[in-house]
Amino acid sequence: MKKTLIMAGIFSSLIISSAAQARDTLSLAGSSTVLPFARIIAEQLGKNPNFKTPVVESGGSSVGKKGVCDGVGTKFIDIGNASSRMKAKELAYCEKNGVKLTEIKVGYDGIVVANSKKGAPLNISKAHLGMALTAKIPACYEGSGRSYNCEEWIDNPFKKWSDIDASLPDIEIRVYGPPTTSGTRASYAEMVNQKGYCGKEKIAKAASAARGDKKGKKCRAMRTDGVFIEAGEQDNLIVQKLNEDTSSYGIFGFSYLDQNSDTLQGAVISKTAPTFENIAGNNYSVSRALYYYVKHQHIGVVPGMKEYMAEWTKHWGNDGVLSDAGMIPMPKSERAKYKSAMSSLPVLTAADLKK
Amino acid sequence: MNKKRITPLEATNSVKKSIVKRRSKDNRLKLYGRIAIGLAVCFLLFLFYSIFTKGFPGFFQYYVTLDINFDRERIDPKGDLSDNSLFDGEASKIVNESLFSIIEPKGRKAKKQAKKIVSSGKDVRIAKMVKNDPSLFGTITKVKFALDDDIDSFLRGYIKRETPESERRVSDKVIGFVDKLNQDGRITYEFSDYILKGSASGNPEMAGIKGAFIGSMLTLSVCLLISFPLGVATAVYLEEIAKKNRITEFIEVNINNLAAVPSVVFGIMGLAIFISIFGMPRSIPLVGGMVLALMTLPTIIISSRAAIRAVPPSVRDAAYGIGASKLQVIFHHVIPLAMPGMLTGTIIGMAQALGETAPLLMIGMVAFIVDIPNSVMDPGTVLPVQIFMWADFAERMFIQKTSAAIIVLLGFLISMNALAVYLRKKLERRW
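Computed from a predicted structure; not experimentally measured.

Examining the environment of A:I279
Residues and elements named next belong to chain A.
Consideration 1: Along the chain, the position of I279 falls in helix α11 (residues 276–280).
Consideration 2: What makes I279 buried here is the crowd of 24 C-beta atoms within 10 Å.
Consideration 3: For I279 and Y108, which are 171 residues apart along the polypeptide, the C-alpha to C-alpha distance reads 8.0 Å.
Consideration 4: Discounting chain neighbours no more than four positions away, the residues touching I279 are Y108, G110, F254, P274, Y284, S287 and I328.

Dropping the structure here:
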């Protein structure tokens, strides 16, 4: 009996003592779009015998931004990856928990609408793309078959692409895309539904203003009537579906189109094709920046934070391994700016986010 | 109204008639059963067929053989074979030089493309070789290096020569280089030494399941160490010692409920208790094993209780009759006799735990982890998570690797279940 008591004591004290031990592996989480790039950097850092390979979790941008803000201490992650910028609300959560962050932009990623090469190529304007997938639209479009009251918002009635514009393919609208936790989804909804459609297209712009939503934020919601299909945080799944179902389209990051360029074709959006050059040259309009957020309080506590950041600067250039993997590099001036931010570590404030 | 009496002959006839009907009903039932089983077998065969045809190529990959000049000055500049010294060395440059001497690329751009033909794990490979065998220094030895995943896909025929150059990931120039290597007979297709011995990697040609496999083993052993003793003890207490009253009934109902709780809930609980309150690190097999133990406990308790109940009371009575104490009855008779049932339940619970990813998501084990865990305190991941992650990676070669990993996981599961069957057959006793 005594023996078992002693054993139990040793066992529990082992657990407690090890729990108090500081973590020596960098821990990251967040956007599944940043993940492939972060894991390349993590692996490169792991080659250095002085550091362990960082642990990179996925989960989506919101998980990254929330996770890094959850608090200070080694039980929380050190760096949050995100493919959409932090919002004021998310930063407020950080400040509430006493977390100080530095924002590092690492590159860009284009969001593409693509389909199988066997299907009809799509050449569409951003406004029309928004019109196809926004949950509610004004009721006064040709072919929508509803009342012609432009200030009334109805559930999106369009069934076929050709209902929107005769130049578009005569097939049913069916688009696979990421779920709400995804930064890709958030960026797409903001750039296409909100800015491209409700912010540009005359009828929707007027109707948005009429309902007191000048910025068109209400347009961000995607259709839920089975036309837009959430396919989970698994972009590869969408790619597979597109190869099987040639009449459907998918929304995902450029790197997946890049890897599958022999079977998939990207839709030409507002007269620009999603190519590496177009996204890098800022011609392709549906692209977003990729970020990671570094927690100040963990620098020096968890080994390898600074080195991890520095590792990015070695590979994020025009012909580094990251661009091979499909990330679009930043222009030189931006690279210089964020490289210096890695050493000066400016604290992210709400004012910065407005810029 | 009198019931009409029927003659024996009529009775035989009517029975004969009905017997045909009843038999055909019988046969139909049999047929339905066979169809059901046939369908299940078909699905199973289809699953196995698709996994094995896709997965077997995943165990193989293309290699290129190069002559490497093991120059100690350059590979091991400090001369002490330490990790740091090898890291500072220029092994990859040596490999590139050897490659260039064969394919002779002209110009900076061609050289850059040529460099990518050989997997980026080349320097690690050389470092490993000289560490194992320092006598290699000073020799020129033929060494096999994995080819980059794009080249591998090209050689397998997934990337086709006919596709226009702009649409494929391998340029005409690189295809020319590969053809040259092929003519020299330097490219071979053989059993991959990465898939079983390598760890997670962003480069599919170097990715392997060792890290996840060891992570699975560590997690499962923690799980077993916690859940088996606890589960058996609970079952014994509830069946043999505790009085049957409201409280035990309440506990019983709750255990049964717990068995039906979705596994992700245990993960959330693990996050709240083990990580947030106890402050344990994320992503470690210790926490993963504890969470999975909570999940498997109900399974073990329920099956153990059933096993204990199946021990005939006469055994207990006989033991009491010759003056055994309660403890002696339980430990000398009831537990040994109930062991086969308990073990079967435990192994099935373990097999279930082996395939779980949902509870591990919350505690950070669904992650890209390269380093192979040495203990339950090092970050680690498990096999199903590895499969899940590979399935999502953009690189084409991961498709085969995923199926290969599924084969390994299936093998693991089948052997665990076979062990359960074997133990049951071996230890089972009939009364």
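Here's the deal with the sheet that holds strand β3 (residues 187–191) of chain B
Sheet strands associate in pairs through backbone hydrogen bonding, adopting either a parallel or an antiparallel arrangement.
All names here are of chain B.
Consideration 1: Strand order across the open sheet formed by 3 strands is β2-β1-β3, with antiparallel pairing between neighbours. Looking along the sheet, the strands with just one partner apiece sit at the ends: β2 (140–146) and β3. Each neighbouring strand pair of the sheet contributes to a mean axis angle of 40 degrees, computed without reference to strand direction.

Re helix α16 (residues 383–392) of chain B
Residues and elements named next belong to chain B.
Consideration 1: Most of α16 sits inside the fold, with 7 of its 10 residues counted as buried.
Consideration 2: Regarding α16, the residues found buried are L383, P384, V385, Q386, I387, M389 and W390.
Consideration 3: Those residues of α16 hidden inside the fold are in contact with α9 (210–241), α15 (358–362), β4 (367–368) and α17 (398–427).

A short note on the nonpolar core
Consideration 1: Core analysis: the largest hydrophobic core is formed by 196 residues, its most contacted members being A:Y293, B:I117, B:V287, B:L383 and B:A405.
Consideration 2: Element by element, the count of residues in this core is highest for helix α12 (residues 285–309) of chain B, at 13 residues.
Consideration 3: If sequence neighbours within four positions are ignored, B:L383 has contacts with B:I209, B:A212, B:F213, B:S216, B:A405, B:V408 and B:L409.

A word on the pairing of strand β1 (residues 27–30) of chain A
All names here are of chain A.
Consideration 1: Alternating positions in β1 separate into two faces, S27 and A29 on one and L28 and G30 on the other, with burial throughout.
Consideration 2: The pairing of β1 with strand β2 (residues 55–59) spans 3 bridges and is classified as parallel. The partner of S27 across the bridge, within β2, is V55.
Consideration 3: Handedness of the crossover is the feature at issue here: the chain leaves β1, passes through helix α2 (residues 35–47), returns alongside β2, and the resulting connection is right-handed.
Consideration 4: Pairing of β1 with strand β3 (residues 79–82), which is carried by 3 bridges, proceeds in the parallel orientation. If you follow G30 over to β3, its bridge partner there is N81.

Scoring rules and cut-offs
Residues numbered from 1 in each chain as written. Chains lettered and ligands numbered in written order. Predicted model: local features only at pLDDT ≥ 70, side-chain atom pairs only at ≥ 80, totals over all residues. Helix = DSSP H or I, 4+ residues; strand = E, 2+ residues; numbered from the N terminus. Buried ≥ 20, exposed ≤ 12 C-beta atoms within 10 Å, placed from the backbone. Contact = placed C-beta atoms within 7 Å. Pairing = 2+ DSSP bridges. Axes fitted to C-alpha atoms, helices over the stretch in contact; angles between N-to-C directions. Core = buried A, V, L, I, M, F, W, Y, C linked by C-beta atoms within 7 Å. Right-handed = clockwise from strand over helix to strand, strands pointing away.

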